[in-house]
Amino acid sequence: MSSCLFCRIARGEIPSKKIYEDDDVLAFHDIHPAAPVHFLLVPKLHLDSLLDAGSEHEALFGKMIGLAPRLAKELGCDNGFRVVINNGPDGGQEVFHLHIHIMGGPRPWKRL
Ligand code: 5GP
Ligand code: ZN
């Protein structure tokens, strides 16, 4: 079993403020929000980052991008939102389990 932080959150071993879950993905609020609405969408499958992704993951990523506006709107981001994926050390990634940041809410708020 992976001791990765987001794998442990996905298994329910570490609590999170969950927004959405299905067999493939989990969405939960970021612990240090950079915007009025800031949540993370993660695949349950462990991938370090997009650097590890291949064509076999395209359906999963398509599903995640499709979920992003749906969940953002459910949380009140009707006026737009920002999507960020940090990849690898030079991409500013800190947690090495692939995740999509979704940020929204009334501006101004800090850019990530
Ligand atoms: P990264 O820099 O890797 O793209 O982003 C990692 C994000 O995970 C950060 O925005 C950070 O606040 C968030 N984060 C780190 N640890 C936890 C945690 O234990 N729970 C939650 N909900 N978010 C976390
Ligand atoms: Zn993981």
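Before any of the text, the structure's been laid out above.
Right, let's walk through the structure included here. (Residues numbered from 1 in each chain as written. Chains lettered and ligands numbered in written order. Predicted model: local features only at pLDDT ≥ 70, side-chain atom pairs only at ≥ 80, totals over all residues. Heavy atoms only, no water.)

It is worth spelling out the packing of aromatic side chains at this point. The tally for this structure, following the rule as stated, stands at one aromatic pair. Seen from the ring of Trp109, Arg107 lies directly overhead, with NZ or CZ sitting 4.1 Å from the centre. (Phe/Tyr/Trp six-rings, centres within 6.5 Å; stacked < 30°, edge-to-face > 60°. Lys NZ or Arg CZ within 6 Å of the ring centre and 35° of its normal.)

Moving on, we come to the nonpolar core. Counting residues in each nonpolar core, the largest one holds 18 residues, and the members touching the most others are Val25, Leu41, Met64, Leu71 and Ile102. Sorting elements by how many residues they give to this core places helix H2 (residues 58-74) first, with seven residues. Discounting chain neighbours no more than four positions away, the residues touching Leu71 are Ile19, Tyr20, Ala27, Phe39 and Leu41. By size, the runner-up hydrophobic cluster in this structure holds nine residues, among which are Cys7, Ala10, Leu40 and Val42. (Core = buried A, V, L, I, M, F, W, Y, C linked by side-chain atoms within 4.5 Å. Buried < 20%, exposed > 50% of the residue type's maximum accessible area, 1.4 Å probe, protein only. Helix = DSSP H or I, 4+ residues; strand = E, 2+ residues; numbered from the N terminus. Contact = heavy atoms within 4.5 Å.)

Scanning all chains against the criterion turns up seven salt bridges. Between Glu13 and Arg11 there is a salt bridge, with its nearest N and O atoms 2.7 Å apart. Its relative accessible area of 33% is what places Arg11 among the partly exposed residues. A salt bridge links Glu21 to Lys18; the nearest nitrogen and oxygen atoms lie 2.8 Å apart. One network of salt bridges, with partners in common, ties together Arg8, Arg11 and Glu13. (Salt bridge = Lys/Arg side-chain N within 4 Å of Asp/Glu carboxyl O.)

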